[in-house]
Amino acid sequence: MANAHQNPAEPHPSLDRVDGRLKVTGAATYSAEYPFENLAHAVLITSTIAKGRIRTIDAKAAETAPGVLAVLSHMNSPGVPAYGSVKLPAERAPVGTAFRVFYDEFIYFSGQPVAMVVANTPEQARHAASLVHVDYESEKHQTDFEANLSKAAVATSVQRNKTSPFQDYDRGNPDAIYTAEVKIEATYTIPTQHHQPLEPHAIIAVWEADDKLTVYDKNQGVKSAQGNLAQAFKLPRENVKVNSKFIGGAFGSGIRVWPHTVAAVLAAQKVNRPVKLVLGRELMFTSVGYRPFTVQKIAIGATKDGQFTAITHEGTGQTSTYEEHLERTILATRAMYVCPNVSTRYRLLNLDVNTPTWMRGPGDATGMFALESALDELAFALSIDPLELRLRNHADSDPERHLPWSAKSLKDCYRIGAEQFGWKNRILEPQTMKADGMLVGYGMASSLYGFHRHPSKAKAVLLADGSVVVQSATMDIGPGTGTAMTQIAATMLGVNPKKIRFDLGDSGLPDAPGQNGSSTIPSVGSAVHAVCKALKIKLLTLAVAIPGSGFADVRPEDVTVKNGRLFPSADSSPGIAYTDILKHHKLTQVEVTEESKPGAERDQYSMYSFGCHFVEVHVSPVTGEVRVKRVVTCADVGKIINYKTARSQSIGGVVGGIGMALMEESAMDHRYGRYVTTDFASYHIPVHADIPQIDVFFVDQPDPYVNPIGSKGLGEIAIVGVAAAVANAVFHATGKRIRQLPITPDKLL
Ligand code: MOS
């Protein structure tokens, strides 16, 4: 498909999404869509108070309502074996305890599941839920992050773990900040933000037997969900099947198994029928985590010519009273720039809220908003171009671990981004560029994201007709995993992609990590690469055994593949068709399974993805409205497997970053400890009209050390830094520095 905005340097054609047709025609089956005779429907009833206990639950009217099968709560739950039995008088869960659904009478947050109605139809369940009366005994709650900030402390899990990266960190002499020639210091605030995938979380739970469970569940890792459910219900791992073949978007909310999933499994046990639970949009705000409220204080000291001399970065994030969620908020500051004196502090504040979780670019999107905004403030104070300031402090090796980078083309990203954007047209002084009565601002920011590769397995099966099935229990939450893997396999085997099928999203497939931390292509892509290589060698062995095939004494590394044929060397012909190899040996198929995992290279090199974003905003001097007019984004993530899906991935990240910068805020009414923004009318995310042209570029140089395919992660780095680039552009347009996201019009007037 012709595309005007495609990277002109695209070296190879991108495969169209292998499941694109299934998705756009509605033929793809999502978790809530699996048909079951006898399916029962569940509706959750959630706490209306933020802290206290349940005195009684009156479910009589609901239980006798039409179609109702059960009203489940802590009073009659079959119980989750791993929770243990309730000891009376029960005590509140200590920090470090995952929330236990329908376990005891305690309320930890508003929106907590307290009961569940199961009925023959969704309507009957919803009606009956309205008849359940829960009587609470309230206690005073604390949900206001800023009002309680002084109570923040080092996380207990960090206190216990002396090697935790969240320990207080000092490099050189942090007091150098006091004697810096030039210094800026500022506090940046990011409110709670929620993942908003189009598909809300949903599950169908089916007990096939007393000890055999199958779930059709929206999540980001079938293997981890399988492990968690097996552990919770004390079942052998292989007795739990998790199917998550299609996911309608997820940004971290599907990494864990959440209480609602366990609740649905309990309900299916209770009524002895398959049970479906679909979370409405409102429940998405209290059921599946969120990006935590965060306050960060940063100070940067520099010489007059812009050399950093000291950086201090303190970050505090919110968590629940029962669990500690830690994220990378302050970590990027140690690795991003050359600076001899660096200190970081990380604190947590326990509040009467549900536990936060990872949300796209977790910690780094947060931390880099502060660091890259502070850099821009320093550039202004020094009258140095913000891009030039970054170049002057570029880290040629990892200043934290004192290791060489495995590869780093950030300077190329800066150059490509600046050229494509026209950064040289920027006037240094803010509030000087105007167009059509609007204030015009140019802003930029850098991005980085750590490299994650996990052990992964893949199986490849060559069939008698020459088609290939590749399988791995990986996921596709949207980026196009199957497409990229098909492309890797097609290249490795010299087989037409149309003859390759890639299976994922099923816990019965070979072991693979969940889709998180931008780890899928680096991990599973390496496994697919390895298994295809092994299949090729197996085919060579079979070819050698065919008399007169011309493969005797051929070394594996000299073999080439093309059009489903094996050749002894690059310039030899005619080679032998895979189908003929099988035919000769009277085989119906050849099957190989391989594992690929990281090795010692992790201790020899520091591995990150890098990138940058350039943004133009127009700000109305009358209304304070900010319009993002265009974005140029460039990433160095090693080798690009598929330009089309990679470009989409980058665009999605930028859109998320624009939402973070200008719109997204989960507002709470602290009188009740409840979110008031629980729909798309009140929780704003960008719509098409908010999104301008986004031009995506990649350096596309294989990283020689990360893995055999040379690819690093892209999903998270796509959002990291975007909010800072927007905020910096807003400052350039208006001269107003907004340090509290989102940058809504009221803050600019
Ligand atoms: Mo991502 S926050 O690891 O889904």
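Residues numbered from 1 in each chain as written. Predicted model: local features only at pLDDT ≥ 70, side-chain atom pairs only at ≥ 80, totals over all residues. Heavy atoms only, no water.

(A) Representation of the pairing of strand β1 (residues 40-46). Burial analysis of β1 places 7 of its 7 residues in the buried class, the great majority of the element. In β1, alternate side chains face the same way, and those of Ala40, Ala42, Leu44 and Thr46 on one face and His41, Val43 and Ile45 on the other are all buried. Relative to strand β12 (residues 275-278), β1 is paired through 3 bridges, and the arrangement is parallel. Residue histidine 41 lies in a different strand from β12, and its bridge partner there is lysine 276. Both β1 and strand β5 (residues 113-119) contribute to a ladder of 6 bridges, which runs antiparallel. (Buried < 20%, exposed > 50% of the residue type's maximum accessible area, 1.4 Å probe, protein only. Helix = DSSP H or I, 4+ residues; strand = E, 2+ residues; numbered from the N terminus. Pairing = 2+ DSSP bridges.)

(B) Highlighting the nonpolar core. Counting residues in each nonpolar core, the largest one holds 92 residues, and the members touching the most others are Ile300, Phe308, Leu378, Phe614, Val617, Leu662 and Val726. Element by element, the count of residues in this core is highest for helix α9 (residues 364-382), at 10 residues. With residues near it in sequence (within four places) discarded, valine 726 still touches Val615, Val617, Ile658, Ala661 and Leu662. Counting 55 residues, the second-largest nonpolar core is a separate cluster that includes Leu213, Val242, Leu277 and Leu283. (Core = buried A, V, L, I, M, F, W, Y, C linked by side-chain atoms within 4.5 Å. Contact = heavy atoms within 4.5 Å.)

(C) Summary view of unusual backbone geometry. Leucine 741 connects to proline 742 through a cis peptide bond whose omega is -5°. For proline 742, the position within the fold is in the segment after α17 (722-734). Here the phi dihedral of glutamine 431 falls at roughly 60°; this positive angle occurs in a residue that is not glycine. Looking at where glutamine 431 falls in the secondary structure, it is placed in the loop between α11 (410-421) and β16 (433-435). Its identity is not glycine, yet serine 518 carries a phi of approximately 50°, on the positive side.

(D) Examining the sheet that holds strand β21 (residues 560-562) more closely. Taken in spatial order, the 3 strands make up an open sheet running β21-β22-β23, and their pairing is antiparallel. One side of each edge strand has no neighbouring strand; the edge strands of this open sheet are β21 and β23 (576-577). Contacts from helix α13 (residues 520-544) reach β21, β22 (565-567) and β23 within the one sheet, and its direction differs from that of β22 by about 75°. (Axes fitted to C-alpha atoms, helices over the stretch in contact; angles between N-to-C directions.)

(E) Region of the structure containing the packing of aromatic side chains. Under the counting rule described, the total for this entry stands at 25 aromatic pairs. Arranged with centres 5.8 Å apart and planes meeting at 65°, the rings of phenylalanine 99 and phenylalanine 109 form a pair that is edge-to-face. In this pair, phenylalanine 99 is assigned in the loop between β3 (68-73) and β4 (106-107) and phenylalanine 109 in the loop between β4 and β5, connecting sequence segments 10 residues apart. For the pair phenylalanine 99 and phenylalanine 109, one class covers both residues: buried. Pairing phenylalanine 421 with tyrosine 442 gives two aromatic rings, centres 4.8 Å apart and planes at 75°, and the pair type is edge-to-face. Taken as a pair, phenylalanine 421 in helix α11 and tyrosine 442 in strand β17 (residues 438-450) lie far apart in primary sequence, 21 residues in all. Neither residue differs from the other here; phenylalanine 421 and tyrosine 442 are each classed as buried. In this structure an aromatic cluster arises from ring pairing among Phe99, Tyr108, Phe109 and Tyr322. A cation sits over an aromatic face here: arginine 334 above tyrosine 169, 4.2 Å from the ring centre. (Phe/Tyr/Trp six-rings, centres within 6.5 Å; stacked < 30°, edge-to-face > 60°. Lys NZ or Arg CZ within 6 Å of the ring centre and 35° of its normal.)

(F) Representation of empty space enclosed by the protein in the model. The tally for this structure, following the rule as stated, stands at 5 cavities of 30 Å³ or more. Reported here for the largest cavity is a volume of approximately 70 Å³. Forming the boundary of the largest cavity are Ile54, His74, Phe99, Arg100, Phe102, Tyr103, Asp104, Phe106, Tyr108, Gln112, Pro113 and Val114. Roughly 40 Å³ of internal volume is contained in the second largest cavity. Along the walls of the second largest cavity sit Ala93, Thr97, Ala98, Phe99, Arg100, Tyr103, Asp104, Tyr108 and Tyr322, which together make up its complete lining. In the lining of the second largest cavity, the residues fall into 6 nonpolar, 1 polar and 2 charged. (1 Å grid on protein atoms, 1.4 Å probe; cavity = no way out; pocket = protein on both sides within 12 Å on 5 of 7 lines; lining within 4 Å. Points joined across faces, edges and corners; volume = space filled by probe spheres on them. Nonpolar A, V, L, I, M, F, W, Y, C, P; charged D, E, K, R; others polar.)

(G) Examining the packing of helix α16 (residues 643-662) against α17 more closely. Packing of α16 against α17 leaves a shortest axis separation of 8 Å and a crossing angle of 55°. Judged by the inter-axis angle, α16 sits oblique to α17. Every pair of crossing elements has a handedness; the one defined by α16 and α17 is right-handed. Contact with α16, carried on its side by Gly653, Val654, Gly657, Ile658, Met660, Ala661 and Leu662, involves Val722, Ala723 and Val726 of α17 and no other residues of that element. Taken together, the residues of the contact of α16 with α17 sort by class into 8 nonpolar, 2 polar and no charged. (Parallel < 35°, antiparallel > 145°, perpendicular 65-115°, else oblique. Left-handed = near helix turned anticlockwise from the far one by under 90°.)

(H) Inspection of the confidence of the model for the chain at higher detail. Residue-level pLDDT values for the chain average 96, and 98% of them are 70 or greater. Here residues 1-9 is a poorly scored stretch, pLDDT under 50, and it has 12 contacts once near neighbours within four places are set aside; other chains count. Scoring the predicted complex yields pTM 0.97 and, for the interface, ipTM 0.98. (pLDDT = per-residue confidence, 0-100.)

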